[in-house]
Amino acid sequence: MSIKETKKIADAVEGYLGSREGAYLYSLAEFTGGLGDVVEIGRYKGKSTIWLAHGRKGNPAEKIFAVDPHLYGTEEKFRQNLKTAQVEDRVVPIVEPSAQAAQKWNGGRIARLWIDGGHTYHEARTDFVSWERFVVEGGVIAFHETYSWEGVRRLVDEEILPNEKLAILGQWDSICAVKKVSHLSAFARQKKRLFSQAQMSVQSGQIGAPPLAFAAEKNFA
Ligand SMILES: C[S@@+](CC[C@H](N)C(=O)[O-])C[C@H]1O[C@@H](n2cnc3c(N)ncnc32)[C@H](O)[C@@H]1O
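What comes next concerns the included structure. (Residues numbered from 1 in each chain as written. Predicted model: local features only at pLDDT ≥ 70, side-chain atom pairs only at ≥ 80, totals over all residues.)

Across its full length, the chain holds eight helices and seven strands. For the chain, whose C-alpha radius of gyration is 16 Å, the value lies close to the compact-globule estimate of 17 Å for 221 residues. Across its three principal directions, the C-alpha atoms of the chain cover 45 × 35 × 30 Å. Going through the 221 residues of the chain one by one, you find that 45% of them count as buried. Counting contacts in the chain only where the partners sit at least 6 residues apart, residues at least 24 apart contribute 79% of the total. (Helix = DSSP H or I, 4+ residues; strand = E, 2+ residues; numbered from the N terminus. Rg over C-alpha atoms; globule rule 2.2 N^0.38 Å. Buried ≥ 20, exposed ≤ 12 C-beta atoms within 10 Å, placed from the backbone. Contact = placed C-beta atoms within 7 Å.)

Have a look at this one:
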């Protein structure tokens, strides 16, 4: 489905993605076609699920495993929204907290991991640590609310930036996306340094908005 059609459907779904963030999730499919399936942590009413499922040049055979204990009684609405978006046959709902779900994971290869569950440091870190090991090399991990929530920002600062196997792919509004690599190239190292400096400038108030210069490597609009 085109980005315009997806936007029309996803915009009608109540949720927490910023107005431009869904398109970024959609674009990430382009990097991971054929590598494996998608795991979403924190689906709420399905807004991000729909963007993930319709991802650009994504593999139509890939499944979206959508993990959420439905803390806010959202399951029925979630299912209705998937039906409207015609993606219910590709989405496998898992109704439990992400750490528990990870313990039962069948070991299938994960091409994209979207982390948008609890946003405290402990919650976001638990989601990351529980699932990161199943993401294949070349796969993408994207974090939501990396500026608006201190816990997620701290996770990126303390665990993602120093990680020698995670390269920064892009930062778009509050989404930070990284790619799993065998080692960091010189370019990837330089990009991490610049990213880190830009993060510090945002935190110290020198620039007010997230560093859009680190947006997608490919034009996705
Ligand atoms: C910010 S909302 C997700 C928004 C959604 N991605 C969207 O596009 O609108 C956070 C969701 O995370 C879920 N959640 C909270 N703790 C969780 C956990 N431990 N594992 C999985 N999901 C969790 C909540 O039930 C809630 O539905």
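Past the structure itself, the notes keep going.
The element strand β6 (residues 166-172) is largely enclosed, with a buried count of seven among its seven residues. Pairing of β6 with strand β7 (residues 175-180) involves six bridges; the strand directions are antiparallel. Along β7, the bridge assignment pairs L166 with K180. Two successive antiparallel strands, β6 and β7, enclose a turn made up of two residues, where D173 displays a positive phi of approximately 50 degrees. (Pairing = 2+ DSSP bridges.)

Membership of the largest hydrophobic core comes to 54 residues, with the highest contact counts inside it found for I115, A142 and V178. Those residues in contact with I115 that lie beyond four places of it in its chain are I41, A124, D127, F128, I141, A142, F143 and H144. (Core = buried A, V, L, I, M, F, W, Y, C linked by C-beta atoms within 7 Å.)

Attention now moves to the site of the ligand. Near the ligand you find 21 residues, and of these G15, G42, S48, S98 and G117 are the closest. Of the residues contributing to the shell around the ligand, the split by class is nine nonpolar, eight polar and four charged. (Near = placed C-beta within 6 Å. Nonpolar A, V, L, I, M, F, W, Y, C, P; charged D, E, K, R; others polar.)

With that settled, the discussion passes to the pairing of strand β5 (residues 135-143). Summarising the sheet, strand β4 (residues 110-115) and β5 pair through five bridges and their orientation is parallel. Bridge pairing in β5 links L113 to I141. With helix α6 (residues 121-131) bridging β4 and the parallel β5, this β-α-β connection has right-handed handedness. The pairing of β5 with β7 spans four bridges and is antiparallel. Residue pairing in the sheet places F143 in a bridge with C176 of β7. (Right-handed = clockwise from strand over helix to strand, strands pointing away.)

Keep in mind these values describe shape, not function.
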